[in-house]
Every structure is written in C-alpha cells, then in structure tokens.
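Here is how the chains run, residue by residue.
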There are 2 protein chains.
Amino acid sequence: MKTVPQRLTEFREAMKKAGCDIFIMPSSDAHASEYAPAHDTAWEYFSGFSCENSNLLVTLTEAALWVDGRFFGAADKALKDTGVQSMHMGVKGVPAVNEWIENKLKEGMVLGYNAETMPLTQMRGLKEICDRKGAELRDLPLVDQAWTEDRAPLPATPAWILGNEFAGKGADEKLSIFRNKLKEADCDSAVITSLDSVAWLYNLRAADVDNTPYALAFSYVDMESAVLFMDYSRLSSEGAETLKNAGVTIMGYKDMPEFLAKNEKALKVLVDPHCLNASLNNALRANSKFTVVEGSDPIALLKAVKNETELSCTRKAHIYDGAAMVRFQIELEKRLSEGEKLRETDIDTILHKYRSANPGFIVESFPTIAAYGENAANMHYAPKAGADAELKNEGYLLVDSGATYYEGTTDITRTYALGALTHEEKLGYTRVLRCHIDVAMAVWKEGATGGELDMMARQPMWRHMLDYRCGTGHGVSHVGAVHEGPQSLRPHNGIVFVPGMIITDEPGIYEEGHMGIRIENELECLEAGESEYGKFLRFQPITYVPIDMSCVLVDELTKEEKEWINGYHAAVLEKLSPLLSKEEIQWLTVKCAAV
Amino acid sequence: MKTVPQRLTEFREAMKKAGCDIFIMPSSDAHASEYAPAHDTAWEYFSGFSCENSNLLVTLTEAALWVDGRFFGAADKALKDTGVQSMHMGVKGVPAVNEWIENKLKEGMVLGYNAETMPLTQMRGLKEICDRKGAELRDLPLVDQAWTEDRAPLPATPAWILGNEFAGKGADEKLSIFRNKLKEADCDSAVITSLDSVAWLYNLRAADVDNTPYALAFSYVDMESAVLFMDYSRLSSEGAETLKNAGVTIMGYKDMPEFLAKNEKALKVLVDPHCLNASLNNALRANSKFTVVEGSDPIALLKAVKNETELSCTRKAHIYDGAAMVRFQIELEKRLSEGEKLRETDIDTILHKYRSANPGFIVESFPTIAAYGENAANMHYAPKAGADAELKNEGYLLVDSGATYYEGTTDITRTYALGALTHEEKLGYTRVLRCHIDVAMAVWKEGATGGELDMMARQPMWRHMLDYRCGTGHGVSHVGAVHEGPQSLRPHNGIVFVPGMIITDEPGIYEEGHMGIRIENELECLEAGESEYGKFLRFQPITYVPIDMSCVLVDELTKEEKEWINGYHAAVLEKLSPLLSKEEIQWLTVKCAAV
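Here the structure is a predicted model, which means the values were calculated and not measured.

A. Fine view of the sheet that holds strand 6 (residues 136-139) of chain B. Residues and elements named next belong to chain B. Taken together, 6 strands build an open sheet; the order of strands is 4-3-2-1-5-6 and the sheet is mixed. Because the sheet does not close on itself, it has two edges, and the strands there are strand 4 (85-88) and strand 6. Taken over all neighbouring pairs, the strand axes of this sheet differ in orientation by 25 degrees on average, direction set aside. Against the sheet, helix 1 (residues 4-18) engages strand 1 (22-26), strand 2 (55-59), strand 3 (63-67) and strand 6, with an angle of about 65 degrees to strand 2.

B. Examining the relation of the copies chain B and chain A more closely. Of the transformation superimposing chain B on chain A, the axial component is 0.1 Å and the angular component is 179 degrees, with the fit at an RMSD of 0.1 Å. Put plainly, the chains are arranged around a two-fold axis. Closest approach to the rotation axis among the C-alpha atoms of chain B is made by Glu452 of chain B, whose C-alpha sits 2.3 Å away. When the interface residues of chain B are mapped onto chain A, 100% of them again fall at the interface, so both copies present the same face.

C. Fine view of the packing of helix 17 (residues 450-457) of chain A against helix 17 (residues 450-457) of chain B. Two elements in contact, helix 17 of chain A and helix 17 of chain B, have axes whose closest approach is 8 Å; the angle formed by their N-to-C orientations is 60 degrees. Taken together, the axes of helix 17 of chain A and helix 17 of chain B lie oblique to each other. In this structure, the crossing between helix 17 of chain A and helix 17 of chain B has a hand that is right-handed. Counting all contacts with helix 17 of chain A, which are made through Gly451, Glu452, Leu453, Met455 and Met456 of chain A, the residues of helix 17 of chain B involved are Gly451, Glu452, Leu453, Met455 and Met456 of chain B. The residue inventory of the contact of helix 17 of chain A with helix 17 of chain B, partitioned by class, reads 6 nonpolar, 2 polar and 2 charged.

D. Up close: the sheet that holds strand 2 (residues 55-59) of chain A. Residue and element names in this part refer to chain A. Pairing within the open sheet is mixed, and its 6 strands lie in the order 4-3-2-1-5-6. Strands at the two margins of the open sheet, each flanked by one partner only, are strand 4 (85-88) and strand 6 (136-139). For this sheet, the mean angle separating the axes of adjacent strands, direction not counted, is 25 degrees. Here strand 3 (residues 63-67) runs beside strand 4; their pairing, made up of 4 bridges, is parallel. Each residue of the ladder has a partner; that of Val67, found in strand 4, is His88. In this fold helix 5 (residues 120-133) packs onto strand 1 (22-26), strand 2, strand 5 (110-113) and strand 6, with an angle of close to 140 degrees to the strand it touches most, strand 6.

E. Region of the structure containing the nonpolar core. Grouped together as the largest cluster of nonpolar side chains are 110 residues, with contacts concentrated most on Trp444 of chain A together with Trp444 of chain B. Discounting chain neighbours no more than four positions away, the residues touching Trp444 of chain A are Leu453, Phe497, Cys525, Lys535, Phe536, Leu537, Arg538 and Phe539 of chain A together with Met455 and Trp462 of chain B.

F. Up close: unusual backbone geometry. All names here are of chain A. Here the bond from Gly485 into Pro486 is cis, since omega is 0 degrees, no more than 30 degrees from zero. Here Pro486 is to be found in strand 23 (residues 484-489). Positive phi values are uncommon outside glycine, yet Asn203 reaches one of about 55 degrees. Tracing the chain through its elements places Asn203 in the loop between helix 9 (195-202) and strand 9 (204-205). Despite not being glycine, Met465 has its phi angle at roughly 55 degrees, a positive value. For Met465, the position within the fold is in the loop between helix 18 (459-462) and strand 22 (473-475).

G. Structural detail: the interface of chain B and chain A. Counting residues at the interface gives 34 residues for chain B, matched by 34 residues for chain A. A per-residue breakdown of the area chain B buries against chain A is headed by Arg463, Met465 and Tyr533 of chain B, which together make up 22% of the total. Linking chain B with chain A are 10 salt bridges. In this structure, Glu560 of chain A and Arg434 of chain B form a salt bridge, with 3.1 Å as the shortest nitrogen-oxygen distance. The interface formed by chain B and chain A holds 16 residue pairs in polar contact (both at pLDDT 80 or more) in total.

H. The pairing of strand 6 of chain B, seen in detail. All names here are of chain B. Where strand 5 (residues 110-113) lies against strand 6, 4 bridges are found, and the strand directions are parallel. Paired with Tyr113 across the strands is Asp139, a residue of strand 6. Traced from strand 5 through helix 5 (residues 120-133) to strand 6, the parallel crossover comes out right-handed.

I. Representation of the state of the cysteines within the structure. Throughout the structure, instances matching the rule amount to 0 disulfides over all chains. Just so you know, Cys551 of chain A is unpaired, no disulfide at all, and the nearest cysteine sulfur is the one on Cys592 of chain A, 14 Å from it. Residue Cys551 of chain A is classed as buried on the basis of its relative accessible area, which comes to 0%. Looking at Cys470 of chain B, it has no disulfide partner, and the nearest cysteine sulfur is the one in Cys435 of chain B, 11 Å off. Residue class for Cys470 of chain B comes out partly exposed when judged on its relative accessible area of 22%.

J. Spatial organisation of empty space enclosed by the protein. For the structure on display, the rule yields 7 cavities of 30 Å³ or more. Reported here for the largest cavity is a volume of approximately 270 Å³. What lines the largest cavity is a set of 20 residues, among which Arg434, Asp438 and Arg463 of chain A together with Asp438 and Arg463 of chain B lie closest to the centre. Elements that contribute at least two residues to the lining of the largest cavity include exactly helix 16 (423-440), helix 18 and helix 19 (559-576) of chain A together with helix 16 (423-440), helix 18 (459-462) and helix 19 (559-576) of chain B. No other element matches the 4 residues that strand 1 of chain A contributes to the lining of the second largest cavity.

K. Representation of helix 3 (residues 72-79) of chain B. Residues and elements named next belong to chain B. Burial in helix 3 covers these residues: Phe72, Ala75 and Leu79. In an axial view of helix 3, the angular spread of the buried residues amounts to 70 degrees, which keeps them on one side of the axis. Exposed residues on helix 3 whose side chains face more than 90 degrees from its buried face are Gly73 and Lys77. Tucked inside the fold, the buried residues of helix 3 contact helix 2 (42-47), strand 3 and strand 4. At the C-terminal side of helix 3, Asp81 shows a positive phi close to 65 degrees.

L. Examining helix 12 (residues 278-286) of chain A more closely. All of the buried residues along helix 12 of chain A are Ala278, Leu280, Asn281, Ala283 and Leu284 of chain A. Where helix 12 of chain A begins, one side-chain oxygen reaches toward the backbone nitrogen of Ser279 of chain A, 3.0 Å away; that side chain belongs to Asn277 of chain A.

M. Up close: the confidence of the model for chain A. Mean pLDDT over chain A works out to 96, with 100% of the residues at or above the 70 mark. The complex prediction reports pTM at 0.90, with the ipTM value standing at 0.87.

N. Structural context of the side chain of Glu149 of chain B. Residue and element names in this part refer to chain B. Along the chain, the position of Glu149 falls in the loop between helix 6 (142-146) and strand 7 (160-161). Reaching out from Glu149, the side chain makes a polar contact with the backbone nitrogen of Lys2 at a distance of 2.8 Å. Among residues more than four places away in sequence, those in contact with Glu149 are Met1, Lys2, Arg7 and Tyr45.

O. Representation of the pairing of strand 20 (residues 412-417) of chain A in the model. Residues and elements named next belong to chain A. Counting buried residues along strand 20, 5 of its 6 residues qualify, which places the element largely inside the surrounding structure. Relative to strand 20, strand 17 (residues 396-401) runs antiparallel, the two being bridged by 6 bridges. Bridge pairing links Leu398 to Thr415 in strand 20.

P. Molecular detail of the packing of helix 5 of chain A against helix 12 of chain A. All names here are of chain A. Look at helix 5 against helix 12: their axes get within 8 Å of each other, and the N-to-C directions meet at 85 degrees. Overall, the two elements helix 5 and helix 12 adopt an arrangement that is roughly perpendicular. Residues Leu120, Met123 and Arg124 of helix 5 lie in contact with helix 12, whose contacting residues are Ala278, Asn281 and Arg285. Among the residues forming the contact of helix 5 with helix 12, the class breakdown is 3 nonpolar, 1 polar and 2 charged.

Q. Molecular detail of the pattern of salt bridges. Within this structure, the stated rule accounts for 83 salt bridges over all chains. Between Lys559 of chain A and Glu556 of chain B there is a salt bridge, with its nearest N and O atoms 3.0 Å apart. With one member in each of two chains, Lys559 of chain A in helix 19 and Glu556 of chain B in the loop between strand 28 (534-541) and helix 19 form a pair that bridges those chains. Of the charged contacts, one joins Lys265 of chain B and Asp222 of chain B as a salt bridge, the two residues approaching to 3.7 Å between their closest N and O atoms. A residue pair is termed long-range when its members are at least 10 positions apart, and Lys265 of chain B in the loop between helix 11 (256-262) and strand 13 (267-271) and Asp222 of chain B in strand 10 (residues 218-222) qualify at 43 residues. By relative accessible area, which is 4% here, Asp222 of chain B ends up buried. Each of the salt bridges in this network shares a partner with another, and the network as a whole consists of Asp196, Lys303, Lys306 and Glu484 of chain A.

R. A look at the environment of His478 of chain B. Residue and element names in this part refer to chain B. By secondary structure assignment, the location of His478 is in the loop between strand 22 (473-475) and strand 23 (484-489). Expressed as a C-alpha distance, the spacing of His478 and Tyr406, which sit 72 residues apart in the sequence, is 9.2 Å. Each residue touching His478, except ones within four places of it in the same chain, is listed here: Leu162, Phe166, Arg205, Lys306, Glu310, Cys313, Thr314, Glu407, Gly408 and Thr409. In terms of polar contacts, His478 uses its side chain to reach the side chain of Thr314, at 3.2 Å.

Each value, and the rule that gives it
- Residues numbered from 1 in each chain as written.
- Chains lettered and ligands numbered in written order.
- Predicted model: local features only at pLDDT ≥ 70, side-chain atom pairs only at ≥ 80, totals over all residues.
- Heavy atoms only, no water.
- Pairing = 2+ DSSP bridges.
- Helix = DSSP H or I, 4+ residues; strand = E, 2+ residues; numbered from the N terminus.
- Axes fitted to C-alpha atoms, helices over the stretch in contact; angles between N-to-C directions.
- Contact = heavy atoms within 4.5 Å.
- Least-squares fit on C-alpha atoms with pLDDT ≥ 70 in both.
- Parallel < 35°, antiparallel > 145°, perpendicular 65-115°, else oblique.
- Left-handed = near helix turned anticlockwise from the far one by under 90°.
- Nonpolar A, V, L, I, M, F, W, Y, C, P; charged D, E, K, R; others polar.
- Core = buried A, V, L, I, M, F, W, Y, C linked by side-chain atoms within 4.5 Å.
- Buried < 20%, exposed > 50% of the residue type's maximum accessible area, 1.4 Å probe, protein only.
- Buried area = accessible area lost by both parts, 1.4 Å probe.
- Salt bridge = Lys/Arg side-chain N within 4 Å of Asp/Glu carboxyl O.
- Polar contact = N/O pair within 3.5 Å; in protein donor to acceptor, adjacent residues only side chain to side chain.
- Right-handed = clockwise from strand over helix to strand, strands pointing away.
- Disulfide = S-S within 2.5 Å.
- 1 Å grid on protein atoms, 1.4 Å probe; cavity = no way out; pocket = protein on both sides within 12 Å on 5 of 7 lines; lining within 4 Å.
- Points joined across faces, edges and corners; volume = space filled by probe spheres on them.
- Arc of directions from axis to C-beta.
- pLDDT = per-residue confidence, 0-100.

As structure tokens, then:
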C-alpha cells in the first residue's frame, strides 16, 4: 500500500500535467450524501485520515485537511509527518476552506475540482473566489487518474421495493403527490439527486451505504414520465414489476446527462442546489429547453411527515427495539455483577444478538456508540476493538444505538450507572433528564419552529450556564437514514412542526476528561387538541425503554416532570410486557416504579 | 356640531368635484405614529368613532370603518344608523381593507388619498391594486377641504432638550453614532420621520402627543449637516443653544420638501418605507441627485439598547414608581375595608396623587387601565366616568398604569383580589404568575430572539391549551413612548436580545364575561456571565412592587419559581424601604413575606 506522501506525489504529477495549481476534494458524493460510499472518499485516500464533514486541499507544495471538533486530536496524530496539515474548523485564527483558497489563489491560476461529486452551492462559492482573483475553476478528472490503487467500485447491492404494508403509499401515489408539489412550485419537471428522496419516492431500498438501506440512484420526473437512473440488474424481478406498474422507466446510473441532452420539450425543471452536483447542473444548463428553477427539494418535507402506516409500523419497531434494549440491560447487569470483565465493543455484540433476533431486522442504523467514562465526552465516540475501554464499577456508560427494521428505523440513547455516583454526576444526569422531559411534555400552538422548541429545551442547562454543543434532536427517516431533515430541534431551525413528524429528543452533558450523559427517545408530533385559542400540538414518545432513576436527584424535578416520568414508565411496562418473559417483566417492573 | 351623515355628505361633495370615486383615510399621521394628534384623526371625524389601528373608506354611496377585536362591540353600537359599516378585522368572511378596495375599484376610477399622512408601504399596496384594475391613485386634499369644523390645529407645545444627566449622550455624540451606522449601510444621508427617532437623536421632548413626551418634527442628516424641521419658536432658548452647539440647524416643520429639492450633491439617502410618508417620498424621488436606499431606521435599534445613564436613571424611576404603587395599594385597601364605595375611575385619581408628588413626574405614560371583574377581560379597557364599574368585595381588580419621569418611563400591571377567590380564579392567577416568572428567570445563550423567548413563556398556559391573544411583552422608550420596537416578546419576532434592552413581561388570562388577570414587570436584559459554552444573557426585573401571593396556589409553583418570587420580594423590600414610612414598611414586609 502506498504511503500518503507517495499518493500525494502521484496526485501532484497529475495536477502538473493538467496545469492545475490547487485541487479541492470535498467529503461528498454525486448525491451530496452525509456519508459517501468508499469509492468517493478521495479526501480520505489522499490524506490517510477518515472523517466526515471535511475538505482536502492540495497544491503543488502543500496539502491541508479541514476537520471538525470531533476529530481534532485524532487528525493531528494521524496527519503528523504526512505532509498534510490538520486544520481545526471553527478555531480562531484557522482560516476556513474558502479563505485559505482565496489566500493561495493568484491571477491566472487554475483551481481544480471534480464536478460529479461537487454540490452546486459549494461550486458557486469557489467560482466567486476564482472570479475575484482572476483565476479559473476547472473540472478535472485527476482523482480518477491518480487513485488507481485499491479503489472500491461504486456499490451496487441488491435493490428491492419496500412493500405498501410498510410504506403506506406506492410509487404511483407518491409520484402523483410529488407532481402536485411541482405544480404548486410552478414547475413541470424535476431532477432528484438526494438518495433519501429517491428512496422515498419509489420505496427503493438497498445496502449501498453502510447502515443506511439506500441505493445509489438519480431520478427525473415530469408530468408524463418518471425515470429512475440505476443499474436495472440490481432490482429483484418483483421490484422491477412494481416500478413498471407505477409507470417508472429505468435507465443506467450514468445515463442522466445524455437523457437530459435529448429533451426537446420546453420545461421548467426544479432542482435543489444543495443536492444537485455541478456535473448534472452543467448537463441541465446545456439544454436551453430547460428553464432551471432552484428551490428546496419538496420531497424532504413530504418524507418528514409520516403517513399512518409508517407511523403505526414505526411504533411497532420501537416496541421490538425496546424489548431488545431491556434484554441487553438485563444481560449487562448480570455479567457485570458476576464480575465479568466487559469492554466497550462487547456492548454492540450483545445488542446485535437481541436486535437481530427479530425477523424484521435489517441492519444497525449507525455504528453503536458505547462510551465508558470520559470517552462519552465525545458525542460521536466509536469504540475500536483492542483500543476500547474496560467497564469498571463506577461512573457512567453511555450507549447510543439503533436499528432499521422493515417496520422502521430506531435511535435511542441510555446512560447507565455502573457503580456509586458522585453528587455532581447525579446533578448532571438530573439536568439532562429535565431538558429531555421539558421537550417531551411541551405543548404549543401550531406554528412553532424547531428553533423555538430547542430554545425551551435548554433552560435547565442554560440557567447554570451549561450547554450541549449540538442540536437537541434530529428527524429520523422511515426505514432509512437515521438523520433526516428538514425539521430539527436546533437553534434557529425555521421548520414548523406538524403532526406526523418524528424527532429525537437527546440533550446531554459532555465534560472533557470526565463523563458524557445523554438520554434519547424518539418523539412523534401529534395534535394535542383545539380550544378557543387555536389548535395545539404536542409530542409523544415512541421509544419504550426505562430511564435509570437511580441517577436522578428526584427533588430537583418539578411536579409536572415527576408526573411525566411516572406516566412514561407506566407506558413502557404496558407496551413491552407482551414481548417479555415473566422474569424480564419482574425486572422491568422494578425499573419502572413510580417516583 | 354636524352629524356623521352631514360630514360624509360634505366629503362626498368634495370627492365629486375632484373626480374621486373612493377615498381612504388611514389612522396615521405624517410620521406613521401609533397615536396620531387630533389634527390628523380624519377617520374619527368622518365616522364619529374613535379607535386606533384603523382605516376609513368612503365611496360616493358607501362608507366602512375597519376596527380590530378591541373595538367590535363599541364600533357596532356607535356606527349604527350613521351610514358607516363596522368592519371586523380578522373575522372570516370580512374582507380586508385592500380586498374591499379591489372589489369596488373599476377601470378608470380614481382612488384618492392624502400623501402627507400615508405611509409609503401602504401607498404601494394601493398603487398595486390601482395598476391591476386600470384605476388611478391620486393625492387629493379632500380632508382639508371638507373638515373645516372644530379641527384641532397641529400641536406645537413647548419643546425642550432632555439633559445629558438623563439621556447619557448629547445630540453631537448621537449624530456621530448615527453617521457611522449610515456608513455601515453604505449611505451618506438619511431622512428621519419617526417621532421616536427624532426624539432620541436630539434628546428632543415636548407634549405634542397625549401621554407621550414627543414633538412633531422631521430630520435630515448627512455627513456634514443635521437639520431639524420644527417650529423654532417652540424651543426654549437653552434647548436652541444645546442644538446649535451640536451643529444642528433648525428649519420650519413644513420646509423639508423644499429643502430636499435644493440639494445639489449626489447622495445615497436612507429612508424607512414604514415610517416615510408618501409626500416626502415624492419630494426625494423628484431630485435625481438622491439615490434612495430603503431599509430599517437604524435609530430604532440604537434607541432600544439603553446606555448606562439611561439604565441607572430608569432603575431610579421604577423605585419612585414602586413607592407610589405601594402607597396606592395601602390607600385602596384601607378605603375598601372601611366600606367606601370606589369606582374604576377613582383608581387613576389615587395613582396620580402619589405619582405626581414626585418632582420628576412629567405625565402618565398611557391612560390608566383600571378594570374590575369582567371588564378586565378586555386587555385595553379604558374606564369612563359615569359608565365605570363599582368595586365590590369579590373577584379581581386589574390595574395597568405607568408614568414618564425625567428619569424614565414606567409600565406596570398588578391584579388585586378584592375578596375571596374561587379555586379557578386562583389557578388562573397562578398560571399567569408562572408564565411571568419563567420569562423573568430565563437564561439563554446570546443570539436568542424575542420569538424564541415568547415560545418558552407560554408553556404553563399552552399545556392546558390556554393562551393570551397578544405578545408577552414590548419594549419601553426612555422618557418616551410606552411602546418601543423593534424587540418584543411576541411569536416569531426575529430581533436578537442584547444587554441594555428593556422589555415588559406581561402574560395574562382573559375570560370574556368573567375576569382578566395580568402581572407585568419591566425587565432589563443583561449579561449572565460566560462559560466554556459561550456568553449567556438573562433578565432582571426593574419594577419593584409586591405581587399578591394570596391569589397563588403555591404548591403549583416549582422550586425554582418559589426561589425567584422570594428573591424578588426581598429585593422589593430592600429597594423601596428607603422611600417609605415605618408604617408603610410594616405593610410591605407582610406583602413580601417568603412563601
């Protein structure tokens, strides 16, 4: 295997031949995905460091990788002596990617990029810099030329169609809803590039992306036709039949540019510049028959509001998942109390055993975060076999995990006390729980946004000038990606909550070098009722797993918070008992006792 | 005195002569003021009904007055048999003003208006309708022609300059700050029309508007000159000297159009289209040397953030005011307990006696709202002598009042129990108090908006599907208008709170036919401190008056809410005692006892 300096030397040879002075590799793919398939991880191959939310910049003499707070330490270590600088995003004095480019770029220089994996909005930012500096932005196939070693092919796992008994609506009905949205936006066609949107529109699933059951595919839709761009041979015959009956044509994954070039109708085509890659944008603009309209992908909001079938299936998935979590906790407590030495990576093994026992199980919805003690201060900690911590009989163990079943996708965090706790540890847990409950029992007049609800969530922290450096919660896809927009509980999020949305409620405390505490349920948004003052909405938990009350300073809770926790635990016992043995019910009854 | 039909007949004569088909009279003046001086209340003269936030429309055969919820009943009664329809704003099926105009307007017709009292933004809405319908929008002096009887002249009360010991900064310093804001907005001049802004910029005060110590005046500022348009003779010689020393030129109130016409420099002039009247807009656009830039008046935000002198003076004003409120309550309790028959209008008399005893007293900051029993369900109730309710020994009396002193302007509401209360009445009071406290003790990371804080305030109401149909609070000017923007605690207000802003905290419950409860303090926004998570802000009450705890179901309060109220009452006792007699302190000590 080549070293990073060797890889960079070869890349710079390609740059010189092409007359390129600076080249940018964003952590994206052709679909602006949060997690790119291995084939598209050029920033990782050429820097030797794996991370998300990044950009690698290469000049003929320098290289620099931008990493966010989660990766500062690990990146500094891994990039040492590779010739790649570790750039700490958001830190004072460290230039942002575009500032850095602007400093390096001189008149007449060429800034290279790969249009196929570059989101249109990012490309435009680069173009502005080049225009200001009298430089040229040029689409160059340098990654393909220089990355010949060990490169994974584009994934092409078997694809299938999620049945209407799980999805509630077939592709025919969803196409009709989507076409109405296009008309509302005064458009008559659309290019759809986000994998989430394609998955929703056609109920298409596969295993192209780790932990996310999606297929790499694009789509084009107008008032008469719907085209899915994806290798036909990947589809089950049943799946192919279902799509054919819904009026969907299938063409090759790479065929969209040629297809767009052939269009002869005058069409107003809707694209989302945050998801559209620069290459497809060029293809669209090259055909003057298209009038390109830029806007938000309407599927994002359609998808975020679950239909009745999706909701009832998801509720079922959470009950399976809750039973698995209960069995996990019983086994964990038993093995630890018997003096067994367990490590962080054992947690995922135990969880997988119980979750995968369910016939509806597809895959974990993300790599299990099992973080003991100070490791939990890193919100996105991933234990690695051999380098993971041993669990001791003190402090907290944070377990953030979930699964995708045919019925739905789950995401849950519990923090367990493994021994006696200090007052300060209990106070932290209690504050996190108060934030959690305050969101869960919120009632609001319709029209409130995620940003407004987030503000309320943080009061029990903010009163003590504490905070968590992330949103309070995110949407969750139905049998799909564990992160879903556009709704979120996050400062200044402007999306209005409506019944049928699902959101996680996961405040936390993260103390570097000491501990991390997070309590996470998923909540469903529903109608609370109507009064002379208008319509009111509320949340209802759909996660059913006991919350460890032995860590709570109960006197710090308000009367309403105590009522909420007692009501919640009564529901946990009621929902899970039908799936549990007599002994398990006994155990659960103790955990769900009223305070 | 002419009847309304006579007035309308004469107005229609003027319309016919001018070839006008429809005429609109908004409740505005040349400064887009919330309360217009009597001279400009044409909508009231021609309809015979007094109200704010209104428009009167007159055609050759019809007339219609738009009123908001506060005035539905009174308007219906007053307008009966006058030939003026009472239009209930916001009620389903009742067309909005512009819809009504659009329905009536036919091709070739003339829609008349008075440019001098028409805000530019409203004029533009009318222009769009006329353009769509092929009609003409025409500035016509019909109000001046037809309103000859009993019309008040434009007010011209003695004007004076608020000293730096109260204002903190003189006109010279404020002009320099303002000019920097103009540069930031890439402008080099401004036309200032809002009375609040003119008052702030020059520390100019008078008594032109009821309860608001402002002078009718405009201003023009560029990088070299500052012109105040206001009758020179109104100014004290001392005031004239102060302004002269600050480099301010004074010209006549009506001289601005001629002044603008004479400008020969190429200037980018900033105007706020919500405050600029259509006539001044015409004058600006007529001189091609001006490039008009539309934006928010920067003074609004400058003025909303009080300086140290303003803050310390205001805190002092609130202590005077609190002592007056205590004396008022002692007298009220005594006279009622002695069996005296008191009426709602007596409340203002008693309050005035105690407030005006202070040498710094200028005027009540708004007409006292003293509302007994069901009258308090109307948030803006104004008792009228002869038609006011008698106070009985049961239910609630709501008193919302305030004053402007040389040190600052106050606004406070207390709701008093006049006898035994039902459980429901106590529950209502308790919920209002919880909303009040939850705002008052909020802590937030800098960046939160009024809309976000408002959302949090309402939780104790919303959980029971109750609400109040108004904002939770508004800004208050320094020695000025009791309502001040742009900050407010109101759904979706997007202004970010910063230290130095003052806001009222006045949640309420209003039950038609039964009761109204409101508890209002003013809060100052200040820094709470800084932690590793960032800078935090909080509120601190600057109103010091006991809250009647005999109305509270104390068990419904959280631990933190109880701590807040005990801390607040301790501060009330400490702040007011130096101004009170021994007996008054004894009385206050009982009212401020910890719960």
